[in-house]
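Okay, here's what each chain looks like letter by letter:
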Amino acid sequence: MVGEDVAEPASERRGAAEAAAEGAAAAADPDEVLRYARALIAAPSENPGGTEDEVAEVAEGILADLGAEIRIVRSDEGRPSVVARIGSGERPRLAWNGHLDTVPTGDLSTWSSDPFEGAVVDGRLVGRGACDMKGPIASALAAVAAIRRAGLSLAGTLDLHLVADEELAGIHGTLVLHDHDLLDQDAAIVGEPTEMEIALAERGGAWVTAVAHGKAAHGSQPERGVNAILTMSRFLLRLEEVLPERVHPLVGSPTVNVAIVAGGSAPNVVPDRCEVEIDRRIVPGEEDPEEVLAPFRSLVDDLVAERPDTRIEITLREWTEAAETTGDSAIAATVRDAIAAETGSPPPFVGFTGITDARYYINDAKISTVIAGPGSLSLAHTANESIGVDEMVTAARAYARTFIGFLGVG
Ligand SMILES: [Zn+2]
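This is a predicted model, so every value here is computed, not measured.

(A) Quick look at the overall build of the chain. Assigned secondary structure in the chain consists of 10 helices and 16 strands. For the C-alpha atoms alone, the extent of the chain along its principal axes is close to 90 × 55 × 40 Å. Residues classed as buried in the chain amount to 50% of the 410 residues present. A fraction of 80% describes how many contacts in the chain between residues 6 or more apart in sequence connect residues 24 or more apart.

This is how it looks when you write it as C-alpha cells:
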C-alpha cells in the first residue's frame, strides 16, 4: 500500500528531473562554449615551462560570474588549482576534474596558426590545450552556465577541480587537493578527451633505468675492453621478453618502450657505460613493482649465461599506479544516459591508454570515477591540436544532463 502511495510522486519527480535536464541541455550556448575555450587557450600554461596562474585567473573569472564559491589551493611551489563549488553544499556531491596545464607547444613552425590564438578552422578550434583539456573544461563551465540560464539550481553539490600539473603527474595539482582532504565526493568525472566514450580503466607506468657496465679500452683494440653499448644492444633487442602474457579487457596488454639512450665518451674509446630509460606501461592488476621488474632481471641473467662479461643493473625510477573502476556505478549509468540522450546511442565502456588524475580519485580516495570528455586523445600533445566546436557543445549538453541527473534539482 505504501508503495502505491509513493508511486505517483516518484514518477512525477522523475518527470520533473527529465524536464529539467532537457531544459538545461537546451540552454547550452555554442558561442559561450567557444568563448570560454578561447579565453582559456589564450592564457598559456605550458608544463614544463610555465605556471597555471594566468589560466586559473581566467577560470576564476568565469566561475565568479556563474555564482560559484571559489577557492585557490596552491602546492608548496605555489602552483594553483581552482576549486569551485556550485549547488547546495549538501550531498550527493560530484567532482568534475580538468587540468589547466598543457604540454609545451613544441616547434612553433609546425603550427599553422598561433597556438594561443584559438583559430577556428572548418568548425574546429585549434590551439594548445584545445582537446587536452581546455576545450573539455569549457564544456563543463558552459554546462554550469546552462543550468543557471535555465533557471535551475542543483539539489546536491558540484565541485569543479580545475587543477595544476596533470601533465607531469599531478604532484602539484590533484594530489595537493587529495592532501587537503578535498577528494571526498560521492562520485567523480575526469573530463579528459575520450570522444565522449566512457573510460573505466587506465594504464599506469613503471619507468625503469637500465645501466650496462663494460670495460674501457683503446678504440683500436676493442678486444681488450667490454663494450657497454653492445651489451645494452643485446639487452634491448630482446626487451619485449619482459612483457607478461596478460590482457586487460579494457586497456589491452602492457607495453614497453625504450625512450632514452646514452653512452660512450669519445669516438676512439670502447664505452664502459650505457644507460637507457625504459617506459613499461602497466595495466590494472599489476600492483607489485618487483613483479614487473623480475623479468627484466631474468633477461639479464639469460644474457649473463650467454656472455659472462655482461653486467646490467636494473632500477625502478618511478611507479605510477594503474586504475580501474566499475561500470555498475551510479555515475557510470548517469553519464551513459546523458551522452545517449545527446548522441542517440549509449557510448561504450572503454579503457584509456594514457595516465590521468583519475587514479587519485579511484585509488587514493576510493571514489567511483569515470573518464569522459570531448575531443580525441590522438590529437593531444600534437602540433595543430584541435577539437570540434560541435563536440564541445555536445559535451556541454551531456554534462548539464549529468550534473542534474546525478545531483537533482532543488
Ligand atoms: Zn590531459
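And the narrative resumes.
(B) Structural context of the layout of surface pockets. Approximately 510 Å³ is the volume found for the largest pocket. Lining the largest pocket are 19 residues, and of these Glu166, Glu167, Arg281, Ile355 and His381 lie nearest its centre. When contributions to the lining of the largest pocket are tallied by element, the ones reaching two or more residues are strand 11 (273-282) and strand 12 (312-320). Tallied by class, the residues present in the lining of the largest pocket amount to seven nonpolar, four polar and eight charged. In this structure, the second largest pocket spans a volume of roughly 410 Å³. Taken together, 16 residues make up the lining of the second largest pocket; nearest its centre are Ala17, Glu18, Ala21, Arg401 and Gly405. Those elements giving two or more residues to the lining of the second largest pocket turn out to be helix 1 (2-26), helix 8 (330-343) and helix 10 (389-407). The leading source of residues in the lining of the second largest pocket is helix 1, at seven residues.

(C) Geometry of the coordination of the zinc ion. Those donors, His99 (NE2), Asp132 (OD), Glu192 (OE) and Glu192 (OE), are the protein atoms that reach the zinc ion, and they lie 1.8 to 2.6 Å from it. Geometry at the zinc ion is irregular, judged from the four donor atoms that bind it and their angles of 53 to 145° at the metal. For histidine 99, a relative accessible area of 1% translates into the label buried. Overall, glutamate 192 belongs to the buried group, its relative accessible area being 4%.

(D) Layout of the sheet that holds strand 16 (residues 386-388). Here three strands make up an open sheet; going across it, the order is 4-5-16 and the pairing antiparallel. The sheet terminates laterally at strand 4 (119-121) and strand 16, the two strands that pair on one side only. Taken pair by pair, the neighbouring strands of this sheet meet at an average axis angle of 30°, ignoring direction. As paired elements, strand 4 and strand 5 (residues 124-126) share three bridges and run antiparallel to each other. What sits directly across from alanine 119, in strand 5, is valine 126. Packed on one face of the sheet, helix 4 (residues 130-149) meets strand 5 and strand 16 and runs near 45° to strand 16. Of the strands in this sheet, strand 4, strand 5 and strand 16 touch helix 10, which is tilted by about 60° from strand 16.

(E) Region of interest: a negative patch on the surface. Residues Asp179, Asp181, Glu287, Asp288, Glu291, Glu321 and Asp364 make up a contiguous surface patch of negative charge. By secondary structure assignment, the location of glutamate 287 is in the loop between strand 11 and helix 7 (289-306). Looking at glutamate 287, the relative accessible area reads 66%, which means it is exposed.

Calculation criteria
- Residues numbered from 1 in each chain as written.
- Predicted model: local features only at pLDDT ≥ 70, side-chain atom pairs only at ≥ 80, totals over all residues.
- Heavy atoms only, no water.
- Helix = DSSP H or I, 4+ residues; strand = E, 2+ residues; numbered from the N terminus.
- Buried < 20%, exposed > 50% of the residue type's maximum accessible area, 1.4 Å probe, protein only.
- Contact = heavy atoms within 4.5 Å.
- 1 Å grid on protein atoms, 1.4 Å probe; cavity = no way out; pocket = protein on both sides within 12 Å on 5 of 7 lines; lining within 4 Å.
- Points joined across faces, edges and corners; volume = space filled by probe spheres on them.
- Nonpolar A, V, L, I, M, F, W, Y, C, P; charged D, E, K, R; others polar.
- Donors = N, O, S within 2.8 Å, 3.2 Å for Na, K, Ca; no water.
- Tetrahedral: all angles 85-135°; square planar, octahedral: opposite > 155°, others 65-115°.
- Pairing = 2+ DSSP bridges.
- Axes fitted to C-alpha atoms, helices over the stretch in contact; angles between N-to-C directions.
- Patch = residues over 30% accessible without salt bridge, like charges linked within 9 Å, V, L, I, M, F, W, Y side chains within 5 Å.
- Areas by Shrake-Rupley, 256 points an atom, 1.4 Å probe, with all protein chains shown as cover.
- Salt bridge = Lys/Arg side-chain N within 4 Å of Asp/Glu carboxyl O.
- Lys, Arg positive; Asp, Glu negative; His and termini not counted.
- Charge placed at Lys NZ, Arg CZ, Asp CG, Glu CD.

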